[in-house]
Amino acid sequence: MFLIIENISKNFGFDSKANLVLDNVNLLIDKGEFVCLVGPSGCGKSTLLNIIAGLESASCGRIILNGSVVRDAGIDRAVMFQEPALFPWLTVIDNVEFGMKMAGIKREERKRRAMKYLKMVHLTKFKDSYIHQLSGGMRQRVALARALAINSEVLLMDEPFSALDSQTRNILQLELQRIWIDTKKTIVFVTHNIEEAVVLADRVVVMSTNPGRVRKEFKIELSRPRIPESPDVTYYVRKITDELREEVEKVARDEYDGGWNVEKDLFLSNADSNMGIGL
Ligand SMILES: Nc1ncnc2c1ncn2[C@@H]1O[C@H](COP(=O)(O)OP(=O)(O)OP(=O)(O)O)[C@@H](O)[C@H]1O
Ligand SMILES: [Mg+2]
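The rules behind the values
Residues numbered from 1 in each chain as written. Chains lettered and ligands numbered in written order. Predicted model: local features only at pLDDT ≥ 70, side-chain atom pairs only at ≥ 80, totals over all residues. Heavy atoms only, no water. Helix = DSSP H or I, 4+ residues; strand = E, 2+ residues; numbered from the N terminus. Buried < 20%, exposed > 50% of the residue type's maximum accessible area, 1.4 Å probe, protein only. Polar contact = N/O pair within 3.5 Å; in protein donor to acceptor, adjacent residues only side chain to side chain. Contact = heavy atoms within 4.5 Å. Near = heavy atom within 4 Å. Areas by Shrake-Rupley, 256 points an atom, 1.4 Å probe, with all protein chains shown as cover. Phe/Tyr/Trp six-rings, centres within 6.5 Å; stacked < 30°, edge-to-face > 60°.

Participant: Got a minute to help me understand the side chain of Arg113 in this structure?
Facilitator: For Arg113, the position within the fold is in helix H3 (residues 107-120). Note on Arg113: relative accessible area 11%, which makes it buried. Separated by 2.7 Å, the side chain of Arg113 and the backbone oxygen of Ala149 make a polar contact. When near neighbours in sequence (up to four residues on either side) are disregarded, Arg113 contacts Met100, Ile105, Ala149, Ile150 and Asn151.

Written out as structure tokens, the structure reads:
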């Protein structure tokens with residue numbers, strides 16, 4: 001197995017049970033597999049992703065990548081966050097080259113790869129622009145090109161499209177599907193959006209909360225590219241939404257006051273936004 005998440009538990013602070021965020025999480029991920037993690041807010045998705053990235057340490061368990069135990073961050077794992085975290089004083093191409101520069105890759109090769117990935121995300125024309133001259137969607141595409149250019153086998157993505165409007169998001173989902181087909185990277189992608197998870201993933205892992213555990217896994221056996229509105233996608237979205245309903249209700253009970261009506265406030269009034277604000 002390529003990426004092994006083995007008995008991962010995470011505790012913030014010293015009071016063992018009260019701060020248990022992840023409890024014995026186990027996942028086996030194949031090389032080239034696209035896995036999406038979904039679950040209620042606070043269930044530990046980002047924490048788990050950061051542990052795989054080596055940015056956070058586990059209290060128990062280990063991550064094994066390609067036969068070696070992960071101890072800290074490394075260029076075999078590129079990470080992409082919700083905010084693109086680009087350098088405003090650098091041009092688009094210099095931003096894409098930055099990670100490669102840190103990795104000691106020679107100038108010629110850096111340029112070649114930067115151009116290749118800028119082309120892949122359709123930003124060649126903007127290579128000499130500065131970040132403030134780009135839209136939110138373009139910035140995320142720069143961050144994606146930068147992550148791809150490192151040539152890591154694993155791409156870890158934490159809600160990278162969630163701040164974007166739905167049209168831009170759909171375009172980037174299509175681009176990511178195309179890029180994944182071309183590059184066959186192993187991707188672990190965190191999202192609140194179940195439709196996004198179904199469109200992108202080979203497998204959707206549903207997490208439960210308090211403490212975070214793997215609740216259920218869904219294999220998405222649909223050909224690509226996948227279109228969000230297609231009946232096949234809708235079928236899986238419905239199944240996964242049903243699975244998550246109980247978890248979202250649990251969060252709502254824990255977090256909100258007595259006046260909160262889960263059914264009404266989280267689901268019915270948010271019919272067009274997938275799972276509403278609780279997810
Ligand atoms: N550095 C920290 N110190 C203490 N507690 C933390 C820390 N980071 C995260 N937590 C707690 O761990 C839990 C899981 O947080 P995490 O950010 O992993 O959740 P998440 O599933 O990514 O949520 P969201 O969907 O809202 O992004 C939360 O209860 C949070 O308060
Ligand atoms: Mg998070």
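Participant: What should I look at first to understand the site of ligand 1 in this one?
Facilitator: Taken together, Phe12, Val21, Pro40, Ser41, Gly42, Cys43, Gly44, Lys45, Ser46, Thr47, Glu159 and His192 make up the full set of residues adjacent to ligand 1. One of the side-chain N or O atoms of Lys45 is found 2.8 Å from an oxygen atom in ligand 1. With respect to ligand 1, the side chain of Ser46 contributes an N or O atom lying 2.8 Å from an oxygen atom. Contact with the protein chains covers 56% of the free accessible surface of ligand 1, which is 640 Å². For the shell around ligand 1, the leading source of residues is helix H1 (residues 45-53), giving 3 residues.

Participant: Looking at this model, I keep getting lost on the packing of aromatic side chains. Mind explaining?
Facilitator: Remark: the centre distance and the inter-plane angle together describe each pair of aromatic rings, the angle taken between the planes. This structure, assessed with the given rule, holds 6 aromatic pairs. Clustering of aromatic rings is evident, with ring pairs tying together Phe34, Phe161, Trp180 and Phe189.

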